[in-house]
Amino acid sequence: MRVEDIKEYHAHLYYNDQAGLETAQHITQQLADQYDVTIGRFHQKNVGPHPMWSVQIAFSAHLFDRVLPWLIYHRQNLDVLFHPLSGDALFDHTQGASWLGNSHTLNISQFLPKI
């Protein structure tokens, strides 16, 4: 995999209650007002590998140097997982994953080969 091959990233804002949900909604609205990002559904349950409620933000690689610093300064008390979309979900959610705030253990079993 070459860096040039990465065309998109995801950031996931994590929250665990109504106040966190409202914070995430506010943050994502502000981000979407400034940059061409796609905001996913606001989950109020654990979805996929995510161990908490979350919302996904998708953005192109050419916005990485804008979106990441913006989240550094505006994430408030929310933890953020961000990762590339390389085509290898296991890699993306393990070796390719980085965190703002606290890191959390992901449930990566869905990305492992079935035996």
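Worth saying up front: this structure is predicted, and the values here are computed from it rather than measured.

J.: Which residues make up the side chain of Ser 86, and what are the values?
T.: By secondary structure assignment, the location of Ser 86 is in the loop between β4 (79-84) and α3 (89-93). By relative accessible area, Ser 86 is classed as buried at 18%. Within the structure, Ser 86 has its side chain in polar contact with the backbone nitrogen of Asp 88 (distance 3.2 Å). Side-chain polar atoms of Ser 86 contact the side chain of Asp 92, separated by 2.6 Å.

J.: Pulling in residues and values, what's your account of helix α2 (residues 64-74)?
T.: All of the buried residues in α2 are Val 67, Leu 68, Trp 70 and Leu 71. What you see down the axis of α2 is that its buried residues fit within an arc of 160 degrees, all on one side. More than 90 degrees from the buried face of α2, the exposed residues found are Asp 65 and Tyr 73. Here the buried face of α2 lies against β1 (8-15), α1 (18-34), β3 (53-60), β4 and β5 (98-100).

J.: Provide a residue-level description of the pairing of β1, including the pertinent values.
T.: Across the eight residues of β1, seven count as buried, placing the element largely inside the fold. Of the pairings in the sheet, the one linking β1 to β4 comprises six bridges and is antiparallel in character. Bridge assignment links Ala 11 to a residue of β4, and that residue is Phe 82.

About the thresholds
Residues numbered from 1 in each chain as written. Predicted model: local features only at pLDDT ≥ 70, side-chain atom pairs only at ≥ 80, totals over all residues. Heavy atoms only, no water. Helix = DSSP H or I, 4+ residues; strand = E, 2+ residues; numbered from the N terminus. Buried < 20%, exposed > 50% of the residue type's maximum accessible area, 1.4 Å probe, protein only. Polar contact = N/O pair within 3.5 Å; in protein donor to acceptor, adjacent residues only side chain to side chain. Arc of directions from axis to C-beta. Contact = heavy atoms within 4.5 Å. Pairing = 2+ DSSP bridges.

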